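Observations on the three-dimensional arrangement
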Amino acid sequence: MKYVTALVDPAVLESSGGGEVLAKLQSLECKTELRAQPMTNTISWTRDNIEHQLADNLQLQSFTTQTQEDVILIVIPTSDFVEMISNYRKEKSIGCCDSDDLRSFAQEAKRKYPEKTVTMVTIAMERYFRHQKTLQNRNFRAACLGTDASTKQTKTKKIKKVEDITNCVTRLEVEEALVDLQLQEGCILKMIETTTELGDMVAMYTKAVAETPFKRERDKATFSFHVDTEWAGGVKIAKDGKGLLRLWRQQIQQFRNVSPEIAQAVVAEYPSPQLLLQAYSQCDSPQEAEKLLEDIMVRRGTGVLSRSRRVGKELSRRIYIQMTSRDNSQILH
């Protein structure tokens, strides 16, 4: 993490979620720099690369260079997003529109960030839809009672919120625009609801950027799909039982998307299949047995890149089915 710098556009910190983003980056001890980006509300990342060179006087010198990471995150304010969807609807209905829609915005992002993976995110669309529904119900009641619904409008606020957006778009129009964006431009837009989720997303992307070199080195094995290529015949089991633990670990590792770290965590908790079966038999229900392994903590990486995660309910369920099922044709989904 100490080699990664998050470049945050000043407009991000000036928005409602700026404090959450900055707090998350500080909690990760990631270097943060305020820098104007080619597009506003953008977060990008750079990596420090340390190179060593032997000088003429035979002294080892170190040089630090910065490279731009391939990940770009653009935060689209809710009001701008709704306006883009409205422009998309106009262009779809009449064939032209003077203002930018979501596709033209994505095309501009791809021009300014060539050969980068651009992800866009917007906040509080569910709250926007709920507010639109409330307005529709209010107008309907007002029409029935013969009163003016405008008298119930909220007071003017200093900061523009979801409730202040005048454009009206439907959920179906949003979904159509997102499908069109992904098919035509190959860009992804994520919709989240709170500024806390925005901070968590920035933290997740920052961790992923920091771990990229480690994961690339890990995946350089010639047969990355094979749990161990040291001996193609499998694990040798000695007469004294030496090798059984390694065999059990490799059996766990053969499940899809199971890394050596995850397999080691399961084996450390249940050193043999018999112990795991005994633990399953002590559960009160199959549902409880399926969740037996999901909270086992897995430590990944080393040093500053180390972090922990859980085994997860999906892998826990698949291991339970594999260990207890009597149907030899059952598929482990």
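Shown above is the structure to which this text applies.
Source: prediction; values computed, not measured. (Residues numbered from 1 in each chain as written. Predicted model: local features only at pLDDT ≥ 70, side-chain atom pairs only at ≥ 80, totals over all residues. Heavy atoms only, no water.)

**A look at helix α4 (residues 102–112)**
Applied cut-off: Relative accessible area decides the class of each residue, using a 1.4 Å probe on protein chains only: under 20% of the type maximum gives buried, over 50% gives exposed, and in between gives partly exposed. Working definition: helices are DSSP H or I runs of at least four residues, strands are E runs of at least two. Numbering for both runs from the N terminus. The directions considered for the arc are those from the helix axis to the C-beta atoms. Two residues form a contact once any of their heavy atoms are found within 4.5 Å.
Where α4 is concerned, the buried positions are Leu 102, Phe 105, Ala 106 and Ala 109. An end-on view of α4 places all buried positions within 100° of arc, on one side of the element. Where α4 is buried, its residues contact β4 (60–76), α3 (78–94), β5 (117–123), α6 (171–185) and β6 (188–192).

**A closer look at the nonpolar core**
Quick note on the threshold: For the purposes of this section, nonpolar cores are sets of buried Ala, Val, Leu, Ile, Met, Phe, Trp, Tyr and Cys residues that join through side-chain atoms within 4.5 Å.
By size, the foremost hydrophobic cluster in this structure holds 27 residues, and its most contacted members are Ile 74, Ile 76, Phe 81, Leu 102, Met 120, Val 174 and Leu 189. Elements represented by at least two residues in this core include exactly β4, α3, α4, β5, α5 (125–145) and α6. Other than its neighbours up to four places away in sequence, Phe 81 contacts Ile 76, Leu 102, Thr 122, Met 125, Val 174, Leu 178, Leu 189 and Met 191.

**Describing the environment of Thr 194**
Residue position: Thr 194 is located in the loop between β6 and α7 (195–218). On a C-alpha basis, the gap between Thr 194 and Ser 16 in space is 9.7 Å, while along the polypeptide they are 178 residues apart.

**A few points about the packing of α4 against α6**
Under the convention used in this document: The angle between two axes is taken between their N-to-C directions and runs from 0 to 180 degrees, where each axis is a line fitted to C-alpha atoms and a helix contributes only its stretch in contact. When the near helix sits turned anticlockwise from the far one by under a right angle, the crossing is termed left-handed; a clockwise turn instead gives a right-handed crossing. Think of it as three bins: nonpolar holds Ala, Val, Leu, Ile, Met, Phe, Trp, Tyr, Cys and Pro, charged holds Asp, Glu, Lys and Arg, and polar takes everything else, Gly as well.
Where α4 contacts α6, the axes come no closer than 9 Å and their chain directions differ by 35°. Here α4 runs over α6; the crossing is right-handed. Within the contact between the two elements, α4 uses Leu 102, Arg 103, Ala 106, Gln 107 and Lys 110 and α6 uses Ala 177, Leu 178, Asp 180, Leu 181, Gln 184 and Glu 185. Along the lines of polarity and charge, the residues of the contact of α4 with α6 split into 5 nonpolar, 2 polar and 4 charged.

**Regarding the pattern of salt bridges**
For the record, the criterion: Salt bridges are identified by distance alone: a Lys or Arg side-chain nitrogen within 4 Å of an Asp or Glu carboxyl oxygen.
All told, the structure shown has 14 salt bridges when counted by the stated rule. Here Arg 318 makes a salt bridge to Glu 314, at a shortest N to O gap of 3.8 Å. Taken together, the residues Arg 318 and Glu 314, both in helix α12 (residues 313–324) and 4 residues apart, mark about one turn of the helix. Taking relative accessible area as the criterion, Arg 318 reaches 8% and is therefore assigned buried.

**Quick look at the packing of aromatic side chains**
To keep things clear, this is the line we draw: Aromatic contacts are taken between Phe, Tyr and Trp rings whose centres are within 6.5 Å, Trp giving its six-membered ring; a plane angle under 30 degrees counts as stacked, one over 60 as edge-to-face, and the others as tilted.
Tallying each qualifying case throughout the model produces 3 aromatic pairs. On the basis of an interplanar angle of 20° and a centroid distance of 6.4 Å, the ring pair of Trp 45 and Tyr 205 is categorised as stacked. Of the two residues, Trp 45 is situated in strand β3 (residues 42–54) and Tyr 205 in helix α7; the sequence distance between them amounts to 160 residues. This pair shows no difference in class: Trp 45 is buried, exactly as Tyr 205 is.

**Some details on the sheet that holds strand β1 (residues 4–8)**
Operational definition: Any two strands with at least two DSSP-identified bridges between them are counted as paired.
Read across the sheet, 6 strands follow the order β2-β1-β3-β4-β5-β6 without closing on themselves; strand pairing throughout is mixed. The sheet is open, and its two edges are formed by β2 (31–34) and β6, each paired on a single side. The mean inter-strand angle of the sheet, taken between neighbouring strand axes irrespective of direction, is 30°. With 12 bridges joining them, β3 and β4 adopt antiparallel strand pairing. Along β4, the bridge assignment pairs Ile 50 with Thr 64. Seen against the sheet, α4 touches β4, β5 and β6 and runs at an angle of roughly 175° to β4.

**Remarks on the side chain of Asp 9**
How we decide: By the counting scheme adopted, Arg and Lys are positive, Glu and Asp are negative, and His together with the chain ends is not counted. In the analysis that follows, any N or O atom pair within 3.5 Å is treated as a polar contact, provided that within protein one partner can donate a hydrogen and the other can accept it, and provided that, for residues neighboring in sequence, both atoms belong to side chains.
For Asp 9, the position within the fold is in the loop between β1 and α1 (10–14). Among buried charged residues, Asp 9 stands out as having no salt bridge; its nearest opposite-charge side chain is Arg 35, 9.6 Å away. A polar contact is formed between the side chain of Asp 9 and the backbone nitrogen of Asn 41, at a distance of 3.3 Å. Ignoring anything within four residues of it in the chain, the contact list for Asp 9 reads Arg 35, Ala 36, Gln 37, Met 39, Thr 40, Asn 41 and Thr 42.

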